[in-house]
Amino acid sequence: MAAPRVVLLLSGKRKSGKDFVAEELRNRLGPDVCTILRLSGPLKEQYAKEHGLDFERLLDASTYKEMFRQDMIRWGEEKRQADPGFFCRAAVEGALQPVWVVSDTRRLSDVEWFRDAYGDAVQTVRVVATEETRKRRNWVFVTGVDDAESECGLDQGVAFDWVITNDGDKVALGEQLEMLLQSLHRSL
């Protein structure tokens, strides 16, 4: 595995558009240069194995995933307490591109693991959207989910290198991504 030149750690609330922003970055950089890594992928895969569930259905934005979300969060926290880097190591396995976009960074321990492993290559990106925008994207507050560490763990304690506003204005989003990409090109 080659060391990345840039690691972008995306974080944000549910329905803020983290995956959309990650896809936009990869589309603009190209798949040979940029890969999207998901910390939730290894978590969901292991959870599905241990609980006899459909891994593929846990990956989408379905009601199936929502039925297991709270227990998956609890289970993931137990795994992280035993080994804070467990899901981070699994996510980066096999990544070869010079730019890694981690689309679902949720905890300070994730940021710390990547900074310890990749140093100055790491940049933090907060994706924000208004509550109104998130509701238009079918977000509804769920106690035990939206107030858990998995949603609030990076609300404090991180000085973000970039804040991307993703409220549906394609031109404004494009301008913000272009500034980020111009900065990245200096590291490539």
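K.L.:
Help me out: how do you make sense of the pairing of strand E2 (residues 34-37) in this one?
P.N.:
Side chains on a regular strand alternate between the two faces of the sheet. Burial along E2 is two-sided: the residues Cys 34 and Ile 36 and Thr 35 and Leu 37 are all buried. Pairing between E2 and strand E3 (residues 99-102): four bridges, direction parallel. By the bridge assignment, Cys 34 is partnered in E3 with Val 99.

K.L.:
Sorry, what's going on with the sheet that holds E2 here?
P.N.:
Adjacent strands of a sheet pair through backbone hydrogen bonds, lying either parallel or antiparallel. With parallel pairing, the five strands of this open sheet are ordered in space as E2-E3-E1-E4-E5. Looking at the sheet topology across the chains shown, the edges are occupied by E2 and strand E5 (162-165). Neighbouring strand axes in the sheet, compared pairwise and without regard to direction, differ in orientation by 25° on average. Against the sheet, helix H6 (residues 108-118) makes contact with strand E1 (6-11), E3 and strand E4 (122-128), and its axis sits at roughly 150° relative to E4, the strand it touches most.

K.L.:
Is there a simple way to think about the layout of surface pockets in this case?
P.N.:
One water molecule sets the probe size; rolling that probe over the atoms shows where empty space is left. Here the largest pocket defines a volume of roughly 880 Å³. What lines the largest pocket is a set of 36 residues, and nearest its centre among them are Arg 14, Lys 44, Lys 65, Arg 69 and Arg 106. Broken down by secondary-structure element, the contributors of at least two residues to the lining of the largest pocket are helix H1 (18-29), helix H2 (40-51), helix H4 (63-82) and helix H8 (149-152). Within the lining of the largest pocket, the residues separate by chemical class into ten nonpolar, nine polar and 17 charged.

K.L.:
Would you mind showing me how to read H1 here?
P.N.:
Since the α-helix turns once every 3.6 residues, residues separated by three or four places project in the same direction. Spanning twelve residues, H1 covers 17 Å between terminal C-alpha atoms, matching the ideal 16 Å at 1.5 Å per step. Among the residues making up H1, those that are buried are Lys 18, Val 21, Ala 22, Leu 25 and Leu 29. One face of H1 carries all of its buried residues, which in axial projection span an arc of 100°. One or two steps after H1, the chain reaches Gly 30, where phi turns positive at roughly 95°.

Parameters and conventions
- Residues numbered from 1 in each chain as written.
- Predicted model: local features only at pLDDT ≥ 70, side-chain atom pairs only at ≥ 80, totals over all residues.
- Heavy atoms only, no water.
- Buried < 20%, exposed > 50% of the residue type's maximum accessible area, 1.4 Å probe, protein only.
- Helix = DSSP H or I, 4+ residues; strand = E, 2+ residues; numbered from the N terminus.
- Pairing = 2+ DSSP bridges.
- Axes fitted to C-alpha atoms, helices over the stretch in contact; angles between N-to-C directions.
- Contact = heavy atoms within 4.5 Å.
- 1 Å grid on protein atoms, 1.4 Å probe; cavity = no way out; pocket = protein on both sides within 12 Å on 5 of 7 lines; lining within 4 Å.
- Points joined across faces, edges and corners; volume = space filled by probe spheres on them.
- Nonpolar A, V, L, I, M, F, W, Y, C, P; charged D, E, K, R; others polar.
- Expected span 1.5 Å × (residues − 1).
- Arc of directions from axis to C-beta.

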